[in-house]
Amino acid sequence: MTRVIAAVDNSPAARAVLATAGNLAELFDADLEALHVGDDGDGIAFGAASAAGVRLRKVAGPTVPALVEAAASDDVAALVVGTRRLPVGGRPVGATALEVITSLLKPVVVVPPDAVRRSALQRVLVPLEGTTATALAPKGIIELAQDAEVEVVLVHVHDAATLPSFTDQPQHQARAWGDEFVARYCPWGIGKVDVELRVGRPEEEILAAAEGIDAHLIALAWSQEIDWGRAPVVRALLERGRIPVLLVPVRLVQRGDKRREESWSRWQSSLA
């Protein structure tokens, strides 16, 4: 049976992490597991797990290696972690979450501390850049969401240089361009997903789109590189967003690396 692991600590974010992981487990038709790492006691973590009706598993050792090892198992579909927001100018997520999302070659959901706890996952926003790798990464999520009758909205952001020229019928032409974009980069979503086209800075427009549609989850591909100047969309979502973010490593779907291809195949199989 496929598992979704919720990494819970003794912070107030534990309940939001478990709620998000529970919704994801339902989407994946997977078992939910609550995992606590460390010897600092398990008061809040235990209470959150009990409230969610899940047994808390405790493991010893350094937090990041323990989480990565647990989530690397073939039967784990995703890891869900919480984060603590830092002052402006600091790192975008807490040290533990940052190390996990850049180390684990598997989808990770990052839950902000002020995320709304949802009773069910109803609406997913999927930003697409218009490249094959970034389109393939959330493919399994999109297909599962459709099967579960979860609304999926794709968003693509143009800048001034890439904005198509629409002439006498801009509304119809924009709709046709959107249909062509879905056919090229998300063919499994033809006729099943909504498309939102925006113009501006991607990090700003994706945040606005997520708030505008009241997204319950944002799912996107990323490079697992979050150094200064890299991954501006991911940085913005983690620094300023209030919606859980599912990060799917682009490296998981890249061709030419046997280990990565096998990892991608196993992950897709776990969702079947």
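Not measured: the values here are computed from a predicted model.

Caption draft 1: Representation of the pairing of strand E1 (residues 3–7) in the model. Counting buried residues in E1 gives five out of five residues, a clear majority hidden from the surface. Covered by surrounding structure in E1 are Arg 3, Ile 5 and Ala 7 together with Val 4 and Ala 6, the residues of both alternating faces. In this fold, the crossover linking E1 to strand E2 (residues 31–37) by way of helix H1 (residues 14–28) has right-handed handedness. In this sheet, strand E4 (residues 76–82) lies alongside E1 in parallel orientation, the contact comprising four bridges. Bridge pairing in E4 places Ala 6 opposite Val 80.

Caption draft 2: Just the sheet that holds E4, in detail. One open sheet accounts for 10 strands, arranged E3-E2-E1-E4-E5-E10-E9-E6-E7-E8; its pairing is mixed. Looking at which strands have only one partner, the edges of the open sheet turn out to be strand E3 (56–59) and strand E8 (194–199). On average, each strand axis in the sheet is inclined to that of its neighbour by 25°, with strand direction left out of account. Here strand E6 (residues 123–127) pairs with strand E9 (residues 217–222) via two bridges, running parallel. Paired with Leu 125 across the strands is Ile 218, a residue of E9. Its contacts with the sheet place H1 against E1, E2, E4, strand E5 (108–111) and E9, and it is angled at close to 160° to E4. Relative to E4, helix H4 (residues 95–103) is tilted by about 155°, and along the sheet it contacts E4, E5, E9 and strand E10 (245–249).

Caption draft 3: The pattern of salt bridges, seen in detail. Evaluation of the coordinates by the stated rule reveals 11 salt bridges. Across the pair Arg 235 and Glu 239 runs a salt bridge whose closest N-O atoms are separated by 3.6 Å. Here Glu 239 and Arg 235 lie together in helix H9 (residues 232–240), a separation of four residues that amounts to about one turn. Via salt bridges that share partners, Arg 3, Glu 33, Arg 57 and Asp 75 belong to a single interconnected network.

Caption draft 4: Fine view of the nonpolar core. If you look at the biggest cluster of nonpolar residues, it comprises 46 residues, and the most contacted ones within it are Val 4, Val 8, Leu 24, Phe 28, Val 80, Val 126 and Leu 154. Of the residues forming this core, the biggest block, nine residues, is contributed by H1. Counting residues in each nonpolar core, the second largest holds 43 residues, with Val 76, Val 81, Val 153 and Val 233 among its members.

Caption draft 5: Quick look at the packing of H1 against helix H2 (residues 43–51). Following both chains from N to C, one finds H1 and H2 inclined at 35°, their axes separated by 9 Å at the closest point. Where H1 crosses over H2, the two elements pack in a sense that is right-handed. Contacts from Ala 14, Arg 15 and Leu 18 of H1 reach H2 at Ile 44, Gly 47, Ala 48, Ala 49 and Ala 51. A per-class count over the contact of H1 with H2 returns six nonpolar, one polar and one charged.

Caption draft 6: The environment of Leu 79, seen in detail. Relative to the helices and strands, Leu 79 resides in strand E4. Dropping the residues within four chain positions of it, Leu 79 is found in contact with Ile 5, Ala 7, Leu 67, Ala 71, Val 100, Leu 104, Pro 107, Val 108 and Val 109.

Caption draft 7: The arrangement of unusual backbone geometry in detail. Even without glycine at this site, Asp 214 takes up a positive phi of about 55°. Of note in this structure, Gln 224 is not a glycine but carries a positive phi near 65°. Turning to its location among the elements, Gln 224 is positioned in the loop between E9 and H9. Gln 224 sits in the buried class, given a relative accessible area of 7%.

Definitions and cut-offs
Residue positions are given per chain, counting from 1 as you read along its sequence in written order. Predicted model: local features are reported for residues with pLDDT of at least 70 only, side-chain atom pairs are reported and counted for 80 or more only, and whole-chain, interface and lining totals are derived from all residues. Each side-chain value is worked out from all heavy atoms of the structure, with water and hydrogens disregarded. Exposure is judged per residue with a 1.4 Å probe applied to protein chains only, and the accessible area is read against the type maximum: over 50% gives exposed, under 20% gives buried, and values in between give partly exposed. Numbering of helices and strands starts at the N terminus; helices are DSSP runs of H or I of at least 4 residues and strands are runs of E of at least 2. Whether a crossover is right-handed depends on one test, that the path from the first strand over the helix to the second runs clockwise when the strands point away from the viewer. Only when DSSP finds a minimum of two bridges between them are two strands counted as paired. Only the contacting stretch of a helix is used when fitting its axis, a line to C-alpha atoms as for every element, and angles between N-to-C directions run 0 to 180 degrees. The contact criterion used is simple: two residues touch if any of their non-hydrogen atoms lie within 4.5 Å. Every case where a carboxyl oxygen of Asp or Glu lies within 4 Å of a side-chain nitrogen of Lys or Arg is listed as a salt bridge. To define a nonpolar core, start from buried Ala, Val, Leu, Ile, Met, Phe, Trp, Tyr and Cys residues and group those joined through side-chain atoms within 4.5 Å. Should the near helix be turned anticlockwise from the far one by less than a right angle, the crossing is left-handed, and should it be turned clockwise, the crossing is right-handed. Charged residues are taken to be Asp, Glu, Lys and Arg, nonpolar residues to be Ala, Val, Leu, Ile, Met, Phe, Trp, Tyr, Cys and Pro, and polar residues to be all remaining types, Gly included.

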